[in-house]
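Here are the chains, one letter per residue:
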Amino acid sequence: MLVLILLLIVSLIPAILIFFYLRGIRKDDQIYRHAANRLLGAGLLCCLGVALLALVLNIAWGITGFGKTYPLLNAFFHDFILAAFVEEFVKYHAANRGVRRYQGTLAKVEIVAFFGIVAIGFDIIESAVYLLESSPMEIIVRGLCIPHVAYGFIMGWFWIVFCLL
């Protein structure tokens, strides 16, 4: 177990370095740095929103009875709605609140950074969960690839494209 914890710490280094880089975009702007810290906390708390929304949707899905009747539809619902859509939906709303709060003072690259920072916070919590249910190699690969951060950057770019038109 100690080896897994050490691997978790090592796998978090790229995400933490990216956070410090993104937080340092405006070196002397304390408001921006404070916003970045708040968004990291919001990303950490996203796990609670994801768990709650997934629970509500799972209960509603169970009531419909479609899962027992249509196994393929059930697999689609669990893989794409509960596992993917709920995570991205909650992260989007956390980042969107931060961007809307500071929107008048942000450049486009900072908007993308805000979405990435929320994703970093969520990635840290999810990596801890993966510690309990995955292999050492998977922990290292997820740490080096940091998929949530990449999705966060993409989401921020699309926010710019669709919300600043």
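Refer to the structure presented above.
Residues numbered from 1 in each chain as written. Predicted model: local features only at pLDDT ≥ 70, side-chain atom pairs only at ≥ 80, totals over all residues. Heavy atoms only, no water.

Caption draft 1: Looking closely at the pattern of salt bridges. According to the stated counting rule, one finds 5 salt bridges in the structure shown. With a closest N to O distance of 2.6 Å, R26 and E110 form a salt bridge. Taken together, the positions of R26 in the loop between α1 (2–23) and α2 (30–64) and E110 in helix α5 (residues 108–133) put the pair 84 residues apart, joining distant regions of the chain. E110 sits in the buried class, given a relative accessible area of 5%. One salt bridge connects D123 with R142, and the closest N-O pair in it is separated by 3.9 Å. Here R142 lies in helix α6 (residues 136–145) and D123 lies in helix α5, a separation of 19 residues in the sequence. (Salt bridge = Lys/Arg side-chain N within 4 Å of Asp/Glu carboxyl O. Helix = DSSP H or I, 4+ residues; strand = E, 2+ residues; numbered from the N terminus. Buried < 20%, exposed > 50% of the residue type's maximum accessible area, 1.4 Å probe, protein only.)

Caption draft 2: Molecular detail of empty space enclosed by the protein. Scanning the entire structure with this criterion turns up 1 cavity of 30 Å³ or more. One number sums up the size of the largest cavity: a volume of about 40 Å³. Around the largest cavity, the lining residues are E88, K91, Y92, A95, F115, V118, A119, G152 and M155. Elements represented by at least two residues in the lining of the largest cavity include exactly α4 (71–102), α5 and α7 (147–163). (1 Å grid on protein atoms, 1.4 Å probe; cavity = no way out; pocket = protein on both sides within 12 Å on 5 of 7 lines; lining within 4 Å. Points joined across faces, edges and corners; volume = space filled by probe spheres on them.)

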